[in-house]
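Structural overview for review
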Amino acid sequence: SSLPYKLRKSARPLSQSGRIVLVTGAAGFVGTHVSLALKSRGDGIVGLDNFNHYYDPKLKRARQKLLEKAGVFVVEGDINDKRALQQLFDAIQFTHVMHLAAQAGVRYAMQNPGSYVHSNIAGFVNLLEICKSANPQPAIVWASSSSVYGLNSKVPFSEKDRTDRPASLYAATKKAGEEIAHTYNHIYGLSITGLRFFTVYGPWGRPDMAYFFFTKDMLKGKTITIFEAPDKGSVARDFTYIDDIVKGCLGALDTAKKSTGSGGKKNGAAQFRIYNLGNTSPVPVSRLVSILEKILKVKAKKKVLPLPRNGDVEFTHANISLAAKELGYKPTTDLEAGLKKFVQWYLKYSNSKKKNSAAW
Ligand code: NAD
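The name an unreviewed UniProt entry gives the protein is UDP-glucuronate 4-epimerase, with Rubroshorea leprosula as the organism. Per UniProt, the protein carries the Subcellular location (unreviewed entry) text "Golgi apparatus, Golgi stack membrane". Recorded in UniProt under Subunit (unreviewed entry), the annotation for the protein is "Homodimer."

Next comes the structure, spelled out in C-alpha cells:
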C-alpha cells in the first residue's frame, strides 16, 4: 500500500469515542478547525487534502503543522483519485465522513470552471461511490453552501425555499451536490447530511474572502473596493464565526443516523437532511469595514462600485430554526468579537511569515 506508514500504524487505535472520521479538505479553513475539535474530544481522525494552489498553499501547510502537533495526520491526495481513496477506505473503517474538500469561491469559477466540476461534482461522486461500497458504510456530513439560495428574493432563507436560481457555477455545483447526495441516499441507503454554511470567518481563514483581504490591504494603506447593489446599498452577508460553524458540524455528526446499506426494503430508510448554519444577523459590508477600522485603528481608503454580475448575490440571511431544533445549533459570536479574534491571529501569522518565510 502507498499509504504513509504513520497512518497505517496509528489511525485505528487513536479513537477513544468509537468514531473514526475521515475529514476531507482537512488543511482547509473549516477542515482544520473541525479536525482539531474532533481530535480534542477523542474521535479517531484522518485528514485528506490535495493542497491545491487556489490560495497560498503555505497557509495550508501551516495549518497542517498545527494539526500534526495535535496528532491529526493529513494524507495528501485528491478526492477524485479513485485508487488512492479506495486504499484509504481499505485500510481504515470510517464510521463517519466529514466532507469539506471543495473548490470554493464564486468569482474564481469564471476563470477556472473545470476545477469546480473536478472537485465539487466528479470528486464528490467518487467519494460517494467509495462510501456506498464500504462495509460498513459511513454516515456522511458535507458542506453545501448558502449560495444555493442564489437569486432568491425571500429572506431569511429557510431550507424549504427555492434553490433553482444559482448565481454562479460554484453555487450550481453545490446545488448539484445536494441532488447527487439525495440520489445516493435513496438508492444506496447512505445517511447524508448537507450543511449550508453562511460566509464563515475567523482565525486561519481564507485569503480570498473579503474580511481577510480587507484587513491585509487596510494595514498596507491600499484602497479597498466595496460593492453596492443598485438602490439597496452595500452588499450584506450573514457572517458566521468559525467556532459556531464547528459546533454545528459536530452536532450534525452526532445526530447522523447510521447508513442502512443498499438493496431490498432498506432503500430510502437512511437519513437525508439539509441544514442552514448561519448567524441570523446579516451585516452590510460597509459595516464590516467600519468594524475593521476600529479594530485595526486604520482609516480605510474606499472605492465604491456597483455590484458586478459575477456570481455574488446581494444579500444572505439564514433562518436557523431547523438546525437549532435538530442539532442544538446556537451561534454565540457576533461579528465584532469574531473579527477581533481574526485580527489577533492575522497579526501573529503575518509577523511570523515575515520573520521566518521558510516556516510558512
Ligand atoms: P478551503 O478552500 O479553505 O478548504 C477546502 C480544502 O479542500 C482546501 O484545503 C483544498 O486544498 C482542499 N481540496 C479542494 N479540492 C480538493 C480535492 N479535489 N481533493 C482533496 N482536497 C481538495 O475552504 P473552506 O472555507 O474551509 O470551505 C470548506 C467547505 O465549506 C467547502 O466545501 C466550501 O465550499 C464550503 N463552504 C465554505 C464557506 C465559507 O464561507 N468558508 C461558505 C459556504 C460553504
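Core analysis: the biggest nonpolar cluster contains 91 residues, and Met98, Val141 and Cys249 have the highest contact counts within it. Element by element, the count of residues in this core is highest for helix 8 (residues 242-255), at seven residues.

For the rest of this paragraph, the subject is the environment of Lys220. Structurally, the position occupied by Lys220 is in the loop between helix 7 (210-219) and strand 8 (223-229). C-beta crowding within 10 Å serves as the criterion here: with 8 such atoms nearby, Lys220 is assigned to the exposed category. Spatially, the C-alpha atom of Lys220 lies 9.7 Å from that of Val298, the residues being 78 residues apart in sequence.

The step from Asn135 to Pro136 runs through a cis peptide bond, and the omega angle for that step is 0 degrees. Its place among the elements puts Pro136 in the loop between helix 5 (113-133) and strand 5 (139-143). Cis geometry is found at the peptide bond from Val155 to Pro156, where omega equals -10 degrees. Relative to the helices and strands, Pro156 is located in the loop between strand 5 and helix 6 (169-188). Residue Phe51 is not a glycine yet carries a positive backbone phi of 50 degrees. Its location among the elements puts Phe51 in the loop between strand 2 (44-49) and helix 3 (57-69). What makes Phe51 partly exposed here is the crowd of 14 C-beta atoms within 10 Å.

For the rest of this paragraph, the subject is the packing of helix 9 (residues 285-296) against helix 11 (residues 335-355). Close contact between helix 9 and helix 11 brings their axes to 10 Å; oriented N to C, the two are set at 50 degrees. Overall, the two elements helix 9 and helix 11 adopt an arrangement that is oblique. At the point where helix 9 passes helix 11, the crossing takes the right-handed sense. Residues Leu288, Ile291, Leu292, Ile295 and Leu296 of helix 9 pack against Leu335, Glu336, Leu339, Lys340 and Val343 of helix 11. Within the contact of helix 9 with helix 11, the residues separate by chemical class into eight nonpolar, no polar and two charged.

Our next topic: helix 5. With 21 residues, helix 5 extends 30 Å between its outermost C-alpha atoms, agreeing within 8% with the 30 Å of an ideal straight helix rising 1.5 Å per residue. At Gly123, helix 5 is bent by approximately 35 degrees, the largest bend along its length. Among the residues of helix 5, those classed as buried are Tyr116, Ser119, Asn120, Gly123, Phe124, Leu127, Leu128, Ile130 and Cys131. For helix 5, the secondary structure elements touched by its buried residues are strand 1 (20-24), helix 4 (82-91), strand 4 (96-99), strand 5 and helix 6.

The environment of the ligand is formed by 30 residues, the closest being Gly25, Gly28, Phe29, Ala102 and Ala143. Secondary-structure elements contributing two or more residues to the shell around the ligand are helix 2 (29-40), strand 2 and helix 5. Per-element accounting of the shell around the ligand gives the leading share, three residues, to helix 2. Across the shell around the ligand, the residue classes tally to 13 nonpolar, 13 polar and four charged.

Within strand 5, five of the five residues are buried, which leaves the element mostly enclosed by the surrounding structure. Residue alternation in strand 5 divides its side chains into two sets, Ala139, Val141 and Ala143 and Ile140 and Trp142, and both sets are buried. Handedness of the crossover is the feature at issue here: the chain leaves strand 4, passes through helix 5, returns alongside strand 5, and the resulting connection is right-handed. Where strand 5 lies against strand 6 (residues 192-197), four bridges are found, and the strand directions are parallel. Residue pairing in the sheet places Trp142 in a bridge with Gly194 of strand 6. Running through helix 6, the crossover from strand 5 to the neighbouring parallel element strand 6 is right-handed.

Now for the UniProt feature "domain: NAD-dependent epimerase/dehydratase" (unreviewed entry) in the protein. Following the UniProt record, one finds the feature "domain: NAD-dependent epimerase/dehydratase" (unreviewed entry) at residues 21-258. The span residues 21-258 is 42% helix and 18% strand, and its two end C-alpha atoms sit 13 Å from each other.

Spatially, 9-8-14 is the arrangement adopted by the three strands of the open sheet, whose pairing is mixed. Each end of this open sheet is capped by a strand with a single partner; those strands are strand 9 (233-234) and strand 14 (301-306). Pairing analysis gives two bridges linking strand 8 to strand 9, with the strands arranged antiparallel. Counted as the bridge partner of Ala229 is Gly233 from strand 9. The strands that helix 9 touches are strand 8, strand 9 and strand 14; relative to strand 8, the one it contacts most, it runs at about 150 degrees.

Rules behind the numbers
- Residues numbered from 1 in each chain as written.
- Predicted model: local features only at pLDDT ≥ 70, side-chain atom pairs only at ≥ 80, totals over all residues.
- UniProt positions renumbered as here; feature names shortened; annotations may be inferred.
- Core = buried A, V, L, I, M, F, W, Y, C linked by C-beta atoms within 7 Å.
- Buried ≥ 20, exposed ≤ 12 C-beta atoms within 10 Å, placed from the backbone.
- Helix = DSSP H or I, 4+ residues; strand = E, 2+ residues; numbered from the N terminus.
- Axes fitted to C-alpha atoms, helices over the stretch in contact; angles between N-to-C directions.
- Parallel < 35°, antiparallel > 145°, perpendicular 65-115°, else oblique.
- Left-handed = near helix turned anticlockwise from the far one by under 90°.
- Contact = placed C-beta atoms within 7 Å.
- Nonpolar A, V, L, I, M, F, W, Y, C, P; charged D, E, K, R; others polar.
- Expected span 1.5 Å × (residues − 1).
- Bend = angle between axes of the 7 residues up to and from the residue.
- Near = placed C-beta within 6 Å.
- Right-handed = clockwise from strand over helix to strand, strands pointing away.
- Pairing = 2+ DSSP bridges.

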